[in-house]
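# What the coordinates show
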Amino acid sequence: MSSAVSSHSFKSGERAWATCHTYDNRSPILALYMGSLNVSFCPSNSNEVTDAGLSFARGLASSAAAYLAACESFHAKQA
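Residues numbered from 1 in each chain as written. Predicted model: local features only at pLDDT ≥ 70, side-chain atom pairs only at ≥ 80, totals over all residues. Heavy atoms only, no water.

Below, the discussion takes up the overall build of the protein chain. A count of helical and extended segments in the protein chain gives one helix and three strands. Computed over C-alpha atoms, the radius of gyration of the protein chain comes to 16 Å, more than 25% over the 12 Å expected from 2.2 N^0.38 for 79 residues, which places it beyond the range of a compact globule. Per-residue burial for the protein chain yields a buried fraction of 4% across its 79 residues. In the protein chain, of all internal contacts separated by at least 6 residues, the share reaching a separation of at least 24 is 9%. (Helix = DSSP H or I, 4+ residues; strand = E, 2+ residues; numbered from the N terminus. Rg over C-alpha atoms; globule rule 2.2 N^0.38 Å. Buried < 20%, exposed > 50% of the residue type's maximum accessible area, 1.4 Å probe, protein only. Contact = heavy atoms within 4.5 Å.)

Right, here's the structure in full:
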C-alpha cells in the first residue's frame, strides 16, 4: 500500500503571523495565519497530550528556533 505525500510552501510577509491558543479544558493549538491560508497544529485527541505529541512539539520548537537563528543571521548580513 502506498501513501500520499503533500508538500506546501508558505511565504511569510506582512499578512503572516502565528499564535498559540491555550485553554483550561483542552490541549493547545498552534495557529499560523498566512494571508488566505491558515494552518493549525494540535494533538489528535484534544483531551490529552501524549509522549508522541510532546516529542513533535519539541521538534517543532527546535526547528522554529533554528529557522529564527538562520533568519537573524541572514538579515544581519544584509545590513
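The next thing to look at is the packing of aromatic side chains. Aromatic rings in a pair are described by how distant their centres are and how their planes are angled relative to each other. The final tally for this structure, using the stated rule, is two aromatic pairs. Taking 4.2 Å as the distance between ring centres and 20 degrees as the angle between the ring planes, the aromatic pair formed by Trp-17 and Tyr-33 counts as stacked. With Trp-17 in strand 1 (residues 16-21) and Tyr-33 in strand 2 (residues 29-34), this residue pair connects regions lying 16 residues apart in the sequence. Taken together, a centroid distance of 6.0 Å and an interplanar angle of 35 degrees make the contact between Phe-41 and Phe-56 tilted. Linking Phe-41 in strand 3 (residues 37-41) with Phe-56 in helix 1 (residues 51-78), this pair joins segments that are 15 residues apart in sequence. The class for Phe-41 is partly exposed, based on a relative accessible area of 28%. (Phe/Tyr/Trp six-rings, centres within 6.5 Å; stacked < 30°, edge-to-face > 60°.)

This next bit is on the side chain of Ser-27. With respect to the helices and strands, the residue Ser-27 is situated in the loop between strand 1 and strand 2. A distance of 3.5 Å separates the side chain of Ser-27 from the side chain of Arg-26, its partner in a polar contact. Apart from the residues lying within four places of it in its own chain, the contact partners of Ser-27 are Pro-43, Asn-45, Ser-46, Glu-48 and Val-49. (Polar contact = N/O pair within 3.5 Å; in protein donor to acceptor, adjacent residues only side chain to side chain.)

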